[in-house]
Amino acid sequence: MRGMLQIGRGLTRISLLIVAFSLSACSTNPYTHRSQLLMIPASQEMAMGAQAYEEVLHDPKMPPSRDPREVEPVKRVAGRIIEAAKKSKYADMANKFDWEVTVIKDDKTMNAFALPGGKIAVYTGIFNVAKNEAGLAAILGHEVTHALARHGGERVSQGYAAQGALLAGAVALGASGVSSGTQQLALLAGGALATYGFILPYSRTHESEADYIGLLLAADAGYDPREAVHVWERMQAMSKSQPPEFLSTHPGHGTRIKQLQEWMPEALAHYHPPPGLQVAELPHEPSP
């Protein structure tokens, strides 16, 4: 009983240390007003993003597409999203980025990403989900938001905070005379709490935040934000299985669709397509 009380005190210390870390390096998201833990400078994030992007570009397993039917619509949509970002609440960050766009020829991979510093990659396999340029705008708006909102730096900072808190908790338990076996049990319990009570929920928060802000960016870029709902409906139909939302780093498809529908009135207020804007279909395999 005494050991369990000491574990409880140790985990309480962990919680207090996490709070202390959070208060020491906080920033505020300009769209959602959410407090963010950022313990590394943006310049370091951008350097990490540039390094990771170079590795992608030099990976022989991920050859760039040379097909203008694939490259041109991606660069066209990305360009409009970037211009919208430069006029958004993230204008300062967007104007600091050294933007690059690459299309990777991989029809089996449904993926796209934007790294810190504005390094964008789109796999041709995502075309089956996007279907058209408005769908691609929803996807790129989401990915670009991750970079602009510094979600990667926040995840790194959360990792630092969780590791530091667990280490401090181990020291505190050792100083309290708790046996090594009991210390290990406490650290396992603390690790589970950090993962499922702190790190994963924040990851889901990042995804929802990117959905929301990305929806506005796509609308600001002149693309119909309603297409985002259709993108996730198609993604839901294509997904064979999904882990329970509690154990997932992403919100469930149904949750995302519901949230997008709730945000739609605001997004439509941002939607003012310029005269003559053509929203072309993307090259993709026909549905079976």
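Note: the structure precedes this text.
The present account deals with the structure reproduced in this document. Everything numeric in this text was worked out from a predicted model, so none of it was measured.

The rules behind the values
Residues numbered from 1 in each chain as written. Predicted model: local features only at pLDDT ≥ 70, side-chain atom pairs only at ≥ 80, totals over all residues. Heavy atoms only, no water. Helix = DSSP H or I, 4+ residues; strand = E, 2+ residues; numbered from the N terminus. Contact = heavy atoms within 4.5 Å. Buried < 20%, exposed > 50% of the residue type's maximum accessible area, 1.4 Å probe, protein only. Pairing = 2+ DSSP bridges. Expected span 1.5 Å × (residues − 1). Polar contact = N/O pair within 3.5 Å; in protein donor to acceptor, adjacent residues only side chain to side chain.

Bringing the environment of Tyr123 into the picture now. Note on placement: Tyr123 falls in strand 5 (residues 119-123). It is 5.9 Å that separates the C-alpha atoms of Tyr123 and Val103, two residues lying 20 residues apart in sequence. Setting aside its immediate chain neighbours within four residues, Tyr123 contacts Met62, Ile104, Asp106, Thr109, Asn111, Ala112 and Phe113.

Another aspect to go through is the pairing of strand 4 (residues 112-115). What you see with strand 4 is no split at all: Ala112 and Ala114 on one side and Phe113 and Leu115 on the other are buried throughout. Bridge analysis of strand 4 against strand 5 gives four bridges, and the strand direction is antiparallel. Within strand 5, the residue paired with Ala114 across the bridge is Ile120.

The terminal C-alpha atoms of helix 6 (residues 133-148), which comprises 16 residues, lie 21 Å apart, in line with the 22 Å expected from a rise of 1.5 Å per residue. Counted residue by residue, helix 6 has 16 buried out of 16 residues, so it is predominantly covered. Taking the backbone nitrogen of Ala134 as reference, a side-chain oxygen 3.1 Å away marks Asn132 as the first, capping residue of helix 6. The first or second residue beyond helix 6 is Arg150, which carries a positive phi of 60°.

Here Arg234 is to be found in helix 9 (residues 227-238). Among the polar contacts listed, one links the side chain of Arg234 to the side chain of Glu227, at a separation of 3.0 Å. Excluding residues within four positions of it along the chain, Arg234 makes contact with Asn128, Val129, Ala130, Lys131 and Glu227.

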